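Listed here are the chains, written in short residue letters.
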Amino acid sequence: MPFPTHAEHNSAQPPDPGAVDALISQARRLRTQVDSVLRESAAAAEDPQLRWQRALCDLAVHQLDDVDTHLGQLRDGLDTGYPGGDPLTADLLVDLPSQTSLPPGPDAVSALGRAGSAEWDLLTDDAQWSDELYRIFGRKSADGPLTLDELPSWLFSEDQQILTEMVTGCLVDGRPIDGEFRIVRADGSVRTVHMVGEPVLGADGDTVSMWAVLRDVSDLRRSQRTLRETRDSLQRQRQIAQTERRLAVELQEAVLPPWRGTLRFPQDGGPTTMDLAAHYLPSGTSALIGGDWYDAMQLPDGSSLLTVGDLTGHGVAATSGMAMLLGALRGMAVAGLQPGPLMGWLNELLDTSAQPALGSALCCRYEPSTRLLRWAQAGHPAPLLFRDGAGRALESPEGVLLGATSGALYGQADEQLAAGDLLVLHTDGLVPRRSALDTDTESGSGRLLAMAPLFARARTAQDCVRIVAEEFGTPEREDDACVLIARIA
């Protein structure tokens, strides 16, 4: 195949074969490393982030394969004995300020790659194709090359105009070819082909032929398309997550008690019977909002309601379920239900909910006139009582998780409190139990009990909450949590 000739081009020094071999070795090492990362990545059918990362690895593999292939073509061209190496391949890989007029062989582009070469003679209507180009088109060499008139019939109808404009611009205006189109092979398979080329000028300066290199970029384009789709999917998931988080935060703020800082009962005047403070600790490892709650309110009969709880799950579903439970709990407490029966009705509510879930809860009713605490729990850590610089967990009555079974019965217990006592209620996300080997000291309750001397020196419930927040508000905490502290007057 004659090589394109331009009067203004001068010869250039070919690349050093040793340098090309070194580049090939580097490309293959990178290819092996990326392929290793790809194999180690877990199947990510449901995770948009992992699907996007895998698509990036796939694309990197294809591009490194192309680099290896083209460098191999360049090296093989250097080994053919031509002073300028394989001119067609070198022109693809390096910016040559000039080209020689020495003719390469008909297989100008190595069959190792996914690129083939062609030349169409305008004077004889003859065409020459490399072996790799036949393979790209799925044709046998015995069938012969396609002429410029036959080539468009292999293209998608919407791509035929692209090829026509490129060929016309090359042959009439002398413009180089650089474009992409899709072909349908005889077996029905579709390949995406990238075509670059130039006109070949005769001695009188007129165009006598057109040469081109056609590269099969189907796998590359497929990887790029997958990358775009996974990136778009990831962006959509992030937008959905941001929207859900905003809704969950707004719902949580609307449902949890409006008071911040210190709350004292009674609120309508008279001697203080209880000093209260509470705090919500968000997860240190997740941006999702959970279903944790805390609440304290005065009841019509003069008693006080104290409660904390946690509904399984995260996001809008968890916070909406928490809102339903907390609303029902408040209503039944105002209606006069004692903690044990109240837990039973909460269990039935959650068990028959349209969105089944599990929850743990602690419900306390405090009588200020007698300093009697009556409480019940549903699969929840017991209240911690601190007195005279020491702490202990109250003995829990019977109670399974809310929503675990229909018709569950919940016991209740009474605890006589004294002036100066400190009561700490918390959800179990404060320090998640990572294994069955964790000791009580390592659990949230154990660590809180060890803080008894600090609580004894604190003047208010709010001071105690600050101590807890400093101890447990760490980035390592995996779940969100609530703590409610009451000091008995």
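Description of the structure in this document. (Residues numbered from 1 in each chain as written. Predicted model: local features only at pLDDT ≥ 70, side-chain atom pairs only at ≥ 80, totals over all residues. Heavy atoms only, no water.)

**A closer look at the side chain of D216**
Secondary-structure assignment places D216 in strand β5 (residues 207-216). Residue classification places D216 among the buried positions, given a relative accessible area of 8%. Reaching out from D216, the side chain makes a polar contact with the side chain of R191 at a distance of 3.0 Å. Within the structure, D216 has its side chain in polar contact with the side chain of S218 (distance 2.7 Å). Beyond its immediate stretch of four places on either side in the chain, D216 contacts R114, I136, R191 and T192. (Helix = DSSP H or I, 4+ residues; strand = E, 2+ residues; numbered from the N terminus. Buried < 20%, exposed > 50% of the residue type's maximum accessible area, 1.4 Å probe, protein only. Polar contact = N/O pair within 3.5 Å; in protein donor to acceptor, adjacent residues only side chain to side chain. Contact = heavy atoms within 4.5 Å.)

**Quick look at the packing of helix α7 (residues 316-334) against helix α8 (residues 339-351)**
Interhelical geometry of α7 versus α8 gives an angle of 145° and a closest axis separation of 10 Å. The two elements α7 and α8 cross, and the hand of that crossing is right-handed. Taken together, the residues of α8 that come into contact with α7 (itself represented by M324, L325, A328, L329, M332 and A333) are L342, W345, L346, L349 and L350. Taken together, the residues that form the contact of α7 with α8 break down as 11 nonpolar, no polar and no charged. (Axes fitted to C-alpha atoms, helices over the stretch in contact; angles between N-to-C directions. Left-handed = near helix turned anticlockwise from the far one by under 90°. Nonpolar A, V, L, I, M, F, W, Y, C, P; charged D, E, K, R; others polar.)

**A word on the pairing of strand β7 (residues 274-281)**
Among the 8 residues in β7, 7 count as buried, and that is most of the element. In the sheet, strand β6 (residues 262-265) pairs with β7 via 4 bridges, with the strands oriented antiparallel. Bridge pairing in β7 places R264 opposite D275. Across 8 bridges, β7 lies against strand β16 (residues 481-488) in antiparallel orientation. Of the residues in β16, the one forming a bridge with L276 is A486. (Pairing = 2+ DSSP bridges.)

**Some words on the pairing of strand β13 (residues 390-393)**
Bridge analysis of strand β12 (residues 384-387) against β13 gives 4 bridges, and the strand direction is antiparallel. Across the sheet, R387 pairs through a bridge with A390, a residue of β13. Here β12 hands over to β13 after 2 residues, with D388 in that stretch at a positive phi of 55°.

**A look at a negative patch on the surface**
Among the surface-exposed residues, D125, D126, D149 and E150 lie close enough to one another that they form a single negatively charged patch. Summarising the element assignment, D125 is placed in the loop between β1 (115-121) and β2 (127-129). (Patch = residues over 30% accessible without salt bridge, like charges linked within 9 Å, V, L, I, M, F, W, Y side chains within 5 Å. Areas by Shrake-Rupley, 256 points an atom, 1.4 Å probe, with all protein chains shown as cover. Salt bridge = Lys/Arg side-chain N within 4 Å of Asp/Glu carboxyl O. Lys, Arg positive; Asp, Glu negative; His and termini not counted. Charge placed at Lys NZ, Arg CZ, Asp CG, Glu CD.)

Honestly, that's just the spatial picture; any functional story needs more than this.
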